Amino acid sequence: MTADPGAAPAGGIRRRGLPDLDACAGVLAAVHAHDGYPVHWPDRPAEWLAPAGLLDAWVAQSDGRVTGHIGLSRSGAGDAAPALWSRRAGVPVERTAVISRLFVSPAARGRGTGALLLARAVQGARERALHPVLDVLASDTAAAALYESRGWSRLATVEQRWSPDQLVSVHCYAAPA
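In this text, all values refer to a predicted model and were calculated from it rather than measured experimentally.

Definitions and cut-offs
- Residues numbered from 1 in each chain as written.
- Predicted model: local features only at pLDDT ≥ 70, side-chain atom pairs only at ≥ 80, totals over all residues.
- Heavy atoms only, no water.
- Helix = DSSP H or I, 4+ residues; strand = E, 2+ residues; numbered from the N terminus.
- Buried < 20%, exposed > 50% of the residue type's maximum accessible area, 1.4 Å probe, protein only.
- Lys, Arg positive; Asp, Glu negative; His and termini not counted.
- Salt bridge = Lys/Arg side-chain N within 4 Å of Asp/Glu carboxyl O.
- Polar contact = N/O pair within 3.5 Å; in protein donor to acceptor, adjacent residues only side chain to side chain.
- Contact = heavy atoms within 4.5 Å.
- Phe/Tyr/Trp six-rings, centres within 6.5 Å; stacked < 30°, edge-to-face > 60°.
- Core = buried A, V, L, I, M, F, W, Y, C linked by side-chain atoms within 4.5 Å.

Asker: Hey, could you run me through unusual backbone geometry in this one?
Answerer: Excluding glycine, most residues fall at negative phi; most peptide bonds, likewise, are trans. Of note, the amide linkage connecting tyrosine 37 to proline 38 takes the cis form, showing an omega dihedral of -5 degrees. Mapping proline 38 onto the fold places it in the loop between helix 1 (21-35) and helix 2 (45-48). The backbone of aspartate 63 shows a phi angle near 55 degrees, a positive value even though the residue is not glycine. Note on placement: aspartate 63 falls in the loop between strand 2 (54-62) and strand 3 (65-73).

Asker: Can you help me understand the side chain of arginine 16 in this one?
Answerer: Along the polypeptide, arginine 16 turns up in the loop between strand 1 (11-15) and helix 1. Here arginine 16 sits buried without a salt bridge, and the closest side chain of opposite charge, aspartate 20, lies 6.1 Å off (N-O distance). Only 2.8 Å separates the side chain of arginine 16 from the backbone oxygen of leucine 49, close enough to count as a polar contact. Non-local contacts of arginine 16, meaning those with residues more than four positions away in its chain, are made with Leu21, Cys24, Leu49, Ala50, Leu54, Ala57, Trp58, Val59 and His69.

Asker: What is the right way to read the environment of leucine 134 from this model?
Answerer: Tracing the sequence through the fold places leucine 134 in strand 5 (residues 131-137). Along the primary structure leucine 134 and proline 82 are separated by 52 residues, whereas in three dimensions their C-alpha atoms are 7.6 Å apart. Those residues in contact with leucine 134, other than ones at most four positions away along the chain, are Ala81, Ile99, Tyr147, Trp152, His171, Cys172 and Tyr173.

Asker: What am I meant to see in the packing of aromatic side chains here?
Answerer: Any pair of aromatic rings gets described here by the distance separating the centres and the angle formed by the planes. What the rule picks out here adds up to three aromatic pairs. Look at tyrosine 147 and tryptophan 152: their rings are 5.9 Å apart centre to centre, the planes differ by 45 degrees, and that puts the pair in the tilted class. Each member of the pair, tyrosine 147 as well as tryptophan 152, carries the same accessibility label: buried. Between tyrosine 147 and tyrosine 173, the ring centres sit 5.7 Å apart and the planes meet at 55 degrees, which makes this aromatic pair tilted. Here tyrosine 147 is found in helix 5 (residues 141-149), whereas its partner tyrosine 173 is found in strand 7 (residues 166-174), with 26 residues between them in sequence. The buried category is assigned to tyrosine 147, whose relative accessible area is 7%.

Asker: Help me out: how do you make sense of the nonpolar core in this one?
Answerer: Most often, soluble globular proteins have nonpolar side chains that are buried together. One finds Ile70, Ile99, Tyr147 and Trp152 to be the most contacted residues of the largest nonpolar core, which totals 25 residues. Where this core is concerned, the elements lending two or more residues are strand 2, strand 3, strand 4 (96-104), helix 4 (113-127), strand 5 and helix 5. Here this core takes six residues from helix 4, the largest share from any one element. Setting aside residues no more than four positions away along its own chain, isoleucine 99 makes contact with Ile70, Gly71, Leu72, Leu118, Ala121, Val122, Pro132, Val133, Leu134 and Trp152. In this structure, Leu21, Leu28, Val59 and Phe103 belong to the second largest nonpolar core, which totals ten residues.

Asker: Would you explain the pattern of salt bridges in this entry?
Answerer: Where charged atoms from two side chains of opposite charge come close, those side chains can pair. Scanning the entire structure with this criterion turns up six salt bridges. For the salt bridge of arginine 14 with aspartate 20, the shortest nitrogen-to-oxygen distance reads 2.8 Å. Comparing arginine 14 with aspartate 20 shows no difference in burial state: the two are buried. Between arginine 44 and glutamate 47 there is a salt bridge whose closest N-O contact spans 3.9 Å. Each member of the pair, arginine 44 together with glutamate 47, is exposed.

What follows is the structure, encoded as structure tokens:
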């Protein structure tokens with residue numbers, strides 16, 4: 001196997017490769033145990049990290065280990081932010097990209113990793129001439145604080161039915177223009 005030319009030698013952000021999925025799933029398991037994200041643990045975490053409509057994904061690494069992840073996708077059926085932003089901006093929903101699957105290992109937090117991953121995904125959206133948006137659980141105050149500290153605008157808070165007996169509040173955000 002050859003080295004990924006986008007890989008940083010000791011740390012940084014790089015494009016996620018297929019060999020990274022197992023390490024990402026391991027970090028996701030630690031995040032789930034610590035924070036309860038994702039709310040519903042997927043049967044196949046590696047597949048959950050590569051949803052239909054995925055445009056690109058990146059990982060954070062430190063000392064050769066994956067410490068975080070972020071994805072960039074086309075709008076899906078459950079995403080509220082793309083429609084809200086497209087109505088507000090007067091452009092088709094196809095001009096949006098959804099930031100998703102952002103998580104950082106609990107052991108690697110407090111070093112700006114989430115902000116670096118977010119910046120890389122925003123750059124990836126802009127390179128495709130798409131406007132980045134996202135949905136986040138209203139109860140995830142740490143994530144909301146990150147987005148707001150980076151100038152993201154809250155478009156609305158909406159209720160989503162995740163199952164017949166689960167209604168959740170979700171904040172919808174758009175990146176600054």
